[in-house]
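Each chain is listed here by its residues.
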Amino acid sequence: MSYSCSPEKQNPHPPLKKSPSSWSNLWFKSPNKTLNHVVFTMHLKSLAKHQIQLQPQKTLIFDRTLLLSDELLLRVFQKLPESQWKPNSLVCKRWLSLQGRLVRSLKLLEWNFLESGRLVSRFPNLTRIDLVHACIVRPRSCSVLLNHSIVSVSVDLEVSEKGFLENGKLLASDVVDRGLRFLASGYPNLRKLAVLGASELGLLSVAEECDTLQDLELIRCSDDTLRAISGFENLQILKLIGIAEGLYNKSLVSDIGLTILAQGCSRLVKLELSGCEGSYDGIRAIGQCCQMLEELTLSDHRTEGGWLSALSYCENLKTLRFQSCRRIDVCPGLDEHLGSCPTLERLHLHKCQLRDKLSMRALYMVCGAVRDIVVQDCWGLDNDILGLATTCRRVKELSLEGCSLLTTEGLECAVLSWKDLQKLRVVSCKNIKDSEVSPALSTLFSTLKELQWRPSTRSLLSSCLVESGMGKRGSKFFKKT
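Residues numbered from 1 in each chain as written. Predicted model: local features only at pLDDT ≥ 70, side-chain atom pairs only at ≥ 80, totals over all residues. Heavy atoms only, no water.

A tally of regular secondary structure across the protein chain gives 17 helices and 17 strands. Buried positions account for 39% of the 481 residues belonging to the protein chain. For the protein chain, long-range pairs separated by at least 24 residues make up 67% of all intrachain contacts whose partners lie at least 6 apart in sequence. For the protein chain, the computed accessible surface area is about 28700 Å², with 53% contributed by carbon and sulfur atoms. (Helix = DSSP H or I, 4+ residues; strand = E, 2+ residues; numbered from the N terminus. Buried < 20%, exposed > 50% of the residue type's maximum accessible area, 1.4 Å probe, protein only. Contact = heavy atoms within 4.5 Å. Areas by Shrake-Rupley, 256 points an atom, 1.4 Å probe, with all protein chains shown as cover.)

What follows is the structure in structure tokens.
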């Protein structure tokens, strides 16, 4: 038996081969997708060319101040008020840099800003710098704001018996001296400086570099610190703060420091001594050496008795101020030894204790040539104390504020004795009544060149209520008791 293999049956009509797709077939099969792609590509190319062509034109139109030089732009900024300086510095980096050149006065809050060199680069033309706040170490938790006559600072709840700024709350003297060296090298044209806790070496570095310094404020200074004061040849205004109760109690300025000051600063015009000790010898040395001294301010002074007679050595003194003084002079001495200041024109008393008649009588005798007397918020000024001022025969201006013990009778006796009186100011003196003004006093008021009469704020409030009619409309809320 034989087997035969028959061939497989083939398809008489084989399938046609597919031809490759052409660009036209793709175009017509998906016309939307292809057309969108081509149009999008052409649009991008046209936008790119358009931006390349217009880019320099947009820059010129956007910031035309680039055409101005720095000197010309600075002259424009100088014409603007200072209130617009800060908003202008936010425009761009160039304006920020130019605005820093216009700043002349600055109060520094962070000490690192000085030591890092950013202060000099940011404000290259400073002439007045206050470093007091930067010398105080800020606590981590600032829960209490302490307002002192010297400085306002944030303190924590840990208070030492010696003061708020003790126990490491102030920068060390070597750190302050190092910062003063940076400051002196960066600002040779410095004119005013305020610093806390500096030593002799730090002040010497400033004196060597800053020849034009004229105004200096030293807080927490001592006799040793004042050894460097002779290096400031052109110093005219000086403020010394020794002991500050409540802040610190370690500093001390005595007759030794005042003598060093007098011999080193012969060109002083204004001098303020706050919390400084001393006696007749220190004040006499200042009067003999500082012959150009015109203004002397004593704040919370701790001077020994008998110092008032030393004021007669200040031959050119024109203004004498007392601020927050518990006493004027405990033991002024005999009248024939007091002397006087023939050129004195102004006597100002602010927040002082004036109860001692002996010391006030001596003060008025020394200030016999005074023409302007200002008493503000002082304790103990009654009719007798003001009556002692009648020894000053040349008084032309009198200002009284916050003198609650003074009466209308005492005021009248004093002002009628001054024949040259031209200006009178009476504010917040509650025992001076309008109803008690005599005809002689009212006649004096009519001859004055300037009069400010507001002895009682209650009378001023009642007159305002009468004019507004508030008392009539709300009579049930304004009942007299």
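Before going further, it helps to spend a moment on unusual backbone geometry. Phi is positive for D300, close to 50 degrees, though the residue is something other than glycine. Mapped onto the elements of the fold, D300 is located in the loop between β10 (295–299) and β11 (302–303). In this structure D300 comes out as buried when scored by relative accessible area, which is 18%. Residues other than glycine seldom take positive phi values, yet D377 does so here, at roughly 55 degrees.

Here we take up the side chain of E217. Tracing the backbone through its elements, the reader meets E217 in strand β6 (residues 215–219). Contacts of E217, omitting those with residues within four sequence positions, involve L193, A194, V195, K239 and I241.

Within strand β15 (residues 397–401), four of the five residues are buried, which leaves the element mostly enclosed by the surrounding structure. Two strands pair when backbone bridges link them, and strand β14 (residues 372–376) and β15 are joined in this way by five bridges, in the parallel orientation. Paired with Q376 across the two strands is E401, which belongs to β15. When β15 meets strand β16 (residues 423–427), the two strands line up parallel, connected through five bridges. Within the sheet, the bridge partner assigned to L400 lies in β16 and is V426. In this region the chain leaves β15, passes through helix α14 (residues 408–417) and returns to the parallel neighbour β16; the handedness of that crossover is right-handed. (Pairing = 2+ DSSP bridges. Right-handed = clockwise from strand over helix to strand, strands pointing away.)

Before going further, it helps to examine the nonpolar core. L131, L183, L261, F322, L363 and L400 are the most contacted members of the largest nonpolar core, which has 114 residues in total. Excluding anything up to four places from it in sequence, L183 contacts L114, L119, I129, L131, L190 and L193. In this structure, L74, W85, W95 and L102 belong to the second largest nonpolar core, which totals seven residues. (Core = buried A, V, L, I, M, F, W, Y, C linked by side-chain atoms within 4.5 Å.)

Moving on to the packing of helix α8 (residues 173–186) against helix α9 (residues 200–209). One can describe the packing of α8 onto α9 by two numbers: an axis separation of 8 Å at closest approach and a directional angle of 5 degrees. One finds that α8 runs roughly parallel with respect to α9. Contacts between α8 and α9 involve D177, L180, R181 and A184 from the former and L201, G202, L203, S205, V206 and E209 from the latter. Its residues placed into classes, the contact of α8 with α9 shows five nonpolar, two polar and three charged. (Axes fitted to C-alpha atoms, helices over the stretch in contact; angles between N-to-C directions. Parallel < 35°, antiparallel > 145°, perpendicular 65-115°, else oblique. Nonpolar A, V, L, I, M, F, W, Y, C, P; charged D, E, K, R; others polar.)

Glancing now at the pattern of salt bridges. Within the structure shown, the criterion is met by 14 salt bridges. Note that E217 and K239 form a salt bridge whose closest N and O atoms lie 3.8 Å from each other. Taken as a pair, E217 in strand β6 and K239 in strand β7 (residues 237–241) lie far apart in primary sequence, 22 residues in all. Residue K239 is classed as partly exposed on the basis of its relative accessible area, which comes to 25%. Among the ionic pairs, R284 bridges to D281, the shortest N-O distance being 3.8 Å. Here the residue R284 and the residue D281 both occupy positions in helix α11 (residues 280–289), the gap between them amounting to three residues, near one helical turn. A relative accessible area of 29% means that R284 is categorised as partly exposed. (Salt bridge = Lys/Arg side-chain N within 4 Å of Asp/Glu carboxyl O.)

What follows is about helix α5 (residues 93–102). Listed as buried for α5 are W95, L98, Q99, G100 and L102. Buried residues along α5 sit against α3 (70–79), α4 (85–89) and α7 (118–122).

The next thing to look at is helix α10 (residues 255–264). Considered for burial, the residues of α10 that qualify are G257, L258, L261, A262 and G264. Buried residues belonging to α10 abut β7, β8 (270–274), β9 (277–278) and α11.

Turning our attention to the state of the cysteines. Across all of its chains, the model carries zero disulfides by this definition. C289 carries a free sulfur, and the closest cysteine sulfur to it, the one in C290, is 6.3 Å from it. You can see C325 has no disulfide; the closest cysteine sulfur is in C352, sitting 4.5 Å from it. (Disulfide = S-S within 2.5 Å.)

It is at 10 Å that the axes of α3 and α5 come closest, and there the two elements cross at 65 degrees. Pair α3 / α5 crosses with right-handed handedness. Residues D70, L73, L74, F77 and Q78 of α3 touch α5, and the partners they reach there are R94, W95, L98, Q99, R101 and L102. Here the contact of α3 with α5 is built from residues that sort into six nonpolar, two polar and three charged. (Left-handed = near helix turned anticlockwise from the far one by under 90°.)

Attention now moves to a positive patch on the surface. Side chains of R371, R394, K396 and K449 sit close together on the surface and give a patch of like positive charge. Structurally, R394 can be placed in the loop between α13 (383–387) and β15. (Patch = residues over 30% accessible without salt bridge, like charges linked within 9 Å, V, L, I, M, F, W, Y side chains within 5 Å. Lys, Arg positive; Asp, Glu negative; His and termini not counted. Charge placed at Lys NZ, Arg CZ, Asp CG, Glu CD.)

Before going further, it helps to spend a moment on the pairing of β16. Each regular strand carries side chains that alternate between the two faces of the sheet. One ladder, built from five bridges, connects β16 with strand β17 (residues 450–454); its direction is parallel. Opposite V426, over in β17, you have W453 as the bridge partner.

The next subject is the confidence of the model for the protein chain. Of all residues in the protein chain, 76% have pLDDT values of 70 or greater, and the mean over the chain is 81. Across residues 54–61, confidence stays below pLDDT 50; counting only partners more than four residues off in sequence or on other chains, it has zero contacts. The low-confidence segment residues 469–479, where pLDDT is below 50, has six contacts with residues more than four positions distant or belonging to other chains. (pLDDT = per-residue confidence, 0-100.)

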